[in-house]
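Below are the chains, spelled out letter by letter.
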Amino acid sequence: MSGRYLAGRVASLCVTLLVVSVITFLLLRIIPGDPAQLILGADSPGDSLRELQHELGTDRPLPAQYVSWMGSVLRGELGVSLRHKRPVIDLIVERLPVTLSLAGLALLIAMAIGLPLGVEAARRRNTMADYGALAFSEIGQSVPSFWLGILMILAFSLQLGWLPSGGFIPWSESLWQAARHLVMPSVALGLVLAATIVRMERSSVLEVLAEDYMRTARAKGLAERHVIYRHALANALIPTVTIVGLQVGTLLGGAIIVEQIFSLPGLGRLVLFAVFNRDWPLIQGLVFFLATLTIALNFLVDLSYAWLDPRIGRG
Amino acid sequence: MKTRARIWLIAMVAVAMLLPVIAWAQSAPAPKAGGSLRFATPADPDGLDPHRSPADSTFNITMNIFDTLVATNSKGEIVPGLATKWYISTDGLVYSFTLRPGVTFHNGKAFTSADVKYSLQRMSEKGKSPHAADYAILDSVTAPDPLTIRLALKRPSARFLSDLAYGWAAMVPEGAGDELRQKPVGTGPFRFVEWVPDSHIKLAKNAKYFVAGRPYLDELTYRVVPDETARLTALKAGELDVADRVPPQNVADLKKTAGLKVETFSRNTLSEVAINEETKPFTDLRVRRALFHATDRKAVLEGAVFGYGRLIGSFMPPIISEFYVDLNGRYPYDPAKAKALLAEAGFPNGFETTLYLPQPYAEYVKSGEIVASQWKKVGVNAKLVTLEWGAWLDRVYKKHDYGVTVIGHVGRLDPVTLLERFKSKYNANYFGYANPVYDKLVEEADTSHDKKARKEAVVKMERLLSEDAVCVWLFSIDGIVAMRQDVFGYSELPIPGNRLMDVYRAGK
């Protein structure tokens, strides 16, 4: 990995973020809805709107608003929330552990289910096992996570009483309780991704199985397990990793709904609060943060190609 | 025959013997101190500073942490709070309050007139306090001694006392700044313990509270559960003790659930089909009256909220009993009459319009769907457009860019605070109603301290709002609260927010 390559990536990251921030900023001002009016609601005495707009600074010219927000971004605050009156970064940091735990566990569950199922489906192509895996994939992709979440709550919380229906306990307080609170939301979120992985993994393993080097490996007398999990899986992983990388955004999007259903105090809830209350700086800060996160993860995915397939890094 | 008579006799005796048992089962057991309560709240507050927040989600919590100079009871009467008595000068311009001695804040500091002065000044800061406009009438605040506070008004105001009873008129310690938002310190029945954002807020009993024996509970936790289904599921699963704002369609199911009970409360709310008098064809009184006659309000009440509420004939909820007059008979459901009125106004075949509905309020969206189907029968075709709340506020409330909408408002303690909404050229008057006679009545009722004259003016206003068919008045929706069967003493106040110091657990 050359220094020039890295510098190029960082420069393109900055440009992307700048464009994202301008678009977000402008879109928010176009969408109907006035943060000051939302604070006052429909039951406040009549004359306070202009004063409140002035206090919030939403009556200033757009360039002035953008520049002052950008200043706050450069100070590392990502803006100051109109409703919470606190730096956006503080609000994010409070909630990030919840969303990261949720998304991380969902990803683990998705891979733990998706990878073996995909490989086995490819190995036993056109058998009942294969059809079963495909059916799982079909159903998994078409069942919305919120619905699955509600079904699980009904079954495991209400009927069986095994798991809490919602809420979050920090890992630092109790590992066991934290896990208990995260199991259902992670499964609800991860299953869709697992279904996608099964499909992707099955077709790429099938492709690899037809390659010459697979025949060579078998001809060398290697055990079938070794052939599949060492040679086939390693080569079939690259397209899967790409998909997973691209799905990170979907995962964060899905987290918004899942956090709502399971009352998890994560970033998704903050996003909804910000949007419904037109907390402009908060939305801008959140989008900026999530865009940075997504771009950074995609960068890591690119790096992982080189690790998975040494030929890529050499170019 | 004889045996049948005997069976009847036995049955009656059995019922008679059971009666006291039934009565006993229904009356609440004796209050008991101790225990904890988990209360469901749909939204995390944006702060716990009562002078800086506009939201009910804040007052539901802060009204347990803070007190006000005067308070209100469930009937909407003004009762002593941190002030034990008060005196209003005959010209209605000076209010003198005697403060309760020996009250301390949760941080140990004594409560004095200096705190009152500071709080009043903080409540009236323009731009910072969402309710500053309510206190703009204050001319000066003086504290002659630590337990006396004197407020001078710029002009007489009959509502002023009630303006001191709301959650946003909380008394905070002198010098408390922005830290109140995160760590509120008051004199109230519960003290603040912790707030985990979007998760829960925990309060604990203030053992030194000035009302002897209150609060009953040792611990009070508000758990944030945004999703309606999740809230009710958590209640059924035993993870919560009380959930308010229960949707009416869930009542039957909750009542069947072992260990739960459901109670209903009259609320200080008003729902209506608001009409924009500034747009055609609604400028014509006959058209507005026709819409009223075309609306089967009873069917809307049944269909939208399962009958949990009371019909209103003007902009006054029945809970404000002192001023409420029943005007429900003015426009009976009568499609033929509606058609005749429309024909008279030049619309023999009806007209097309758009009915805007606010998406977060299921009760208004459902009401709108029913109303639109009823109007069809008289030729009025209302296209339904559902708007997200911010968009509704922007289009309907701020820009008055609408014809008809279904919406509700929260009432206030003083009738004028409610009725002044219809003053000409007033921001909150998104109905575009303009009537000089009405304006004079608002002025009269607002400044007069003569009870009789005030009531007369208020009733006249109610009648005008009915006569002029300013809106199709719908109903005052009841509050439905589900709780564990061992929770007692829960009641509600006719103002935003609630206090739980009288709540106790009979079990555990």
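Cut-offs applied
Throughout, a residue's number is its position along its own chain's written sequence, starting from 1. Whichever chain is written first is A, and whichever ligand is written first is 1; the rest continue in order. Reporting in this predicted model follows two pLDDT cut-offs: at least 70 for local features of residues, and 80 or more for side-chain atom pairs to be given and counted; totals over whole chains, interfaces and linings ignore these cut-offs and use all residues. In this description a helix means any DSSP run of H or I spanning at least four residues, a strand means any run of E spanning at least two, and both kinds are numbered starting from the N terminus. With C-alpha atoms as the basis for the radius of gyration, the globule rule is written as 2.2 Å multiplied by the number of residues raised to the power 0.38. Three exposure classes are used. Buried residues have 20 or more other C-beta atoms within 10 Å of their own C-beta, exposed residues have 12 or fewer, and partly exposed residues fall in between, all C-beta atoms being placed from the backbone. We call two residues in contact when the distance between their C-beta atoms, placed using the backbone, is within 7 Å. DSSP bridges decide pairing: two strands pair if at least two such bridges lie between them. We call a crossover right-handed when, viewed with both strands directed away from the observer, the connection leading from the first strand over the helix to the second proceeds clockwise. Joined through C-beta atoms within 7 Å, a set of buried Ala, Val, Leu, Ile, Met, Phe, Trp, Tyr and Cys residues constitutes a nonpolar core. The convention used is that axes are lines fitted to C-alpha atoms, helices contributing only their stretch in contact, and that angles between N-to-C directions extend from 0 to 180 degrees. Roughly parallel means an angle under 35 degrees; roughly antiparallel, over 145; roughly perpendicular, 65 to 115; everything else is oblique. Any residue outside Ala, Val, Leu, Ile, Met, Phe, Trp, Tyr, Cys, Pro, Asp, Glu, Lys and Arg is labelled polar, Gly included; the first ten of those are nonpolar and the last four are charged. Note: pLDDT gives the predictor's confidence per residue, expressed from 0 to 100. The hand of a helix crossing depends on one turn: near helix anticlockwise from the far one by less than a right angle means left-handed, and clockwise means right-handed.

Caption draft 1: Quick peek at the overall build of chain B. Scanning chain B from terminus to terminus reveals 14 helices and 21 strands. For 508 residues, the compact-globule estimate of 2.2 N^0.38 gives 23 Å, and the C-alpha radius of gyration of chain B, at 25 Å, lies within 12% of that figure. Taking the principal axes of its C-alpha atoms as reference, chain B extends roughly 80 × 75 × 45 Å. Counting all 508 residues of chain B, 47% fall into the buried class. For chain B, the share of sequence-separated contacts (at least 6 apart) that also reach a separation of at least 24 residues comes to 71%.

Caption draft 2: Seen up close, the overall build of chain A. Counting secondary structure elements, chain A contains 13 helices and zero strands. Tracing chain A from N to C terminus, the helices and strands come up as α-α-α-α-α-α-α-α-α-α-α-α-α. The dimensions of chain A, computed from C-alpha atoms along their principal axes, are 85 × 60 × 35 Å. Counting all 315 residues of chain A, 36% fall into the buried class. Restricting the contact set of chain A to residue pairs at least 6 apart, pairs at least 24 apart contribute 71%.

Caption draft 3: The sheet that holds strand β19 (residues 479-484) of chain B, seen in detail. Residues and elements named next belong to chain B. Read from one edge of the open sheet, seven strands run β8-β9-β10-β1-β11-β19-β12, paired in mixed fashion. Because the sheet does not close on itself, it has two edges, and the strands there are β8 (190-196) and β12 (260-265). In this sheet, strand β9 (residues 200-205) lies alongside β8 in antiparallel orientation, the contact comprising six bridges. Bridge assignment links Glu194 to a residue of β9, and that residue is Lys202.

Caption draft 4: Local environment of the pairing of strand β15 (residues 352-358) of chain B. Residues and elements named next belong to chain B. Among the seven residues that make up β15, five are buried, leaving the element largely enclosed by the rest of the structure. A crossover connection joins β15 to the parallel strand β16 (residues 381-387) through helix α10 (residues 362-376); in handedness this β-α-β unit is right-handed. Relative to strand β17 (residues 404-410), β15 runs parallel, the two sharing two bridges. Looking at β17, one finds that Tyr356 is bridged to Thr405.

Caption draft 5: Structural view of the nonpolar core. One finds Leu102 and Leu251 of chain A together with Val242 of chain B to be the most contacted residues of the largest nonpolar core, which totals 113 residues. Examining the composition of this core, we find that 15 residues originate from one element, helix α8 (residues 175-209) of chain A, more than from any other. Residue contacts for Leu251 of chain A: discarding those within four places in its chain leaves Ala103, Ala106, Leu107, Leu189 and Leu193 of chain A. With 67 residues, the next largest nonpolar core counts Met316, Leu342, Tyr364 and Val416 of chain B among its residues.

Caption draft 6: Quick look at unusual backbone geometry. Residues and elements named next belong to chain B. The linkage connecting Arg214 with the following residue, Pro215, adopts the cis geometry, with an omega of -5°. Tracing the sequence through the fold places Pro215 in the loop between β9 and β10 (219-224). With an omega of 0°, the peptide bond between Lys280 and Pro281 qualifies as cis. Here Pro281 shows up in the loop between β13 (269-275) and α7 (285-293). The backbone phi angle of Lys425 is positive, close to 55°, even though this residue is not glycine. Summarising the element assignment, Lys425 is placed in the loop between α12 (415-419) and α13 (436-447).

Caption draft 7: Highlighting the packing of helix α7 (residues 145-159) of chain A against helix α5 (residues 228-236) of chain B. Viewed as axis vectors pointing N to C, α7 of chain A and α5 of chain B meet at an angle of 10°, and their least axial separation amounts to 10 Å. Comparing the axis directions of α7 of chain A and α5 of chain B gives the class roughly parallel. Of the residues in α5 of chain B, those touching α7 of chain A at Ile150, Ile153, Ser157 and Leu158 of chain A are Thr229, Thr233 and Lys236 of chain B. A per-class count over the contact of α7 of chain A with α5 of chain B returns three nonpolar, three polar and one charged.

Caption draft 8: Up close: the interface of chain B and chain A. Contact residues are listed per partner, giving 41 residues for chain B and 43 residues for chain A. In terms of residue count, helix α11 (residues 389-398) of chain B provides more of the side of chain B that touches chain A than any other element does, eight residues in total. The residue makeup of the side of chain B that touches chain A, split by class, is 20 nonpolar, eight polar and 13 charged.

Caption draft 9: Spotlight on the environment of Asn328 of chain B. Residue and element names in this part refer to chain B. For Asn328, the position within the fold is in the loop between β14 (309-311) and α9 (335-344). Look at Asn328 and you get partly exposed, because 17 C-beta atoms sit within 10 Å. Remark: the alpha-carbon pair of Asn328 and Leu311, spanning 17 residues in sequence, is separated by 7.0 Å. Each residue touching Asn328, except ones within four places of it in the same chain, is listed here: Leu311 and Gly313.

Caption draft 10: The arrangement of the sheet that holds β15 of chain B in detail. Residue and element names in this part refer to chain B. Overall, mixed pairing links the six strands, which are arranged β14-β18-β13-β17-β15-β16 in an open sheet. Edge positions in the sheet fall to β14 and β16, since each has one partner strand and no second. Pairs of neighbouring strands in the sheet enclose a mean axial angle of 25°, with direction left out of account. Pairing of β15 with β16 involves seven bridges; the strand directions are parallel. Opposite Tyr356, over in β16, you have Val385 as the bridge partner.

Caption draft 11: View of α11 of chain B. For α11 of chain B, every residue scored as buried is listed here: Gly390, Trp392, Leu393, Asp394, Val396 and Tyr397 of chain B. Where α11 of chain B is buried, its residues contact α2 (35-40) and α11 (267-276) of chain A together with β15, β16 and β17 of chain B. Two residues or fewer past α11 of chain B, His400 of chain B is found with a positive phi of approximately 55°.

Caption draft 12: Quick peek at the confidence of the model for chain B. The predicted model of chain B averages 92 in pLDDT, with 95% of residues at 70 or higher. Long-range and interchain partners of residues 20-25 of chain B, a stretch whose pLDDT sits below 50, account for zero contacts in this model, where long-range means more than four residues apart.

Caption draft 13: Structural view of the packing of α8 of chain A against helix α10 (residues 224-261) of chain A. Residues and elements named next belong to chain A. The interhelical angle for the contact between α8 and α10, taken along N-to-C directions, is 160°, at an axis separation of 9 Å. Taken together, the axes of α8 and α10 are roughly antiparallel relative to one another. Helix-helix and strand crossings are classified by hand; for α8 and α10 the assignment is right-handed. In terms of residue class, the contact of α8 with α10 is made up of 18 nonpolar, six polar and one charged.

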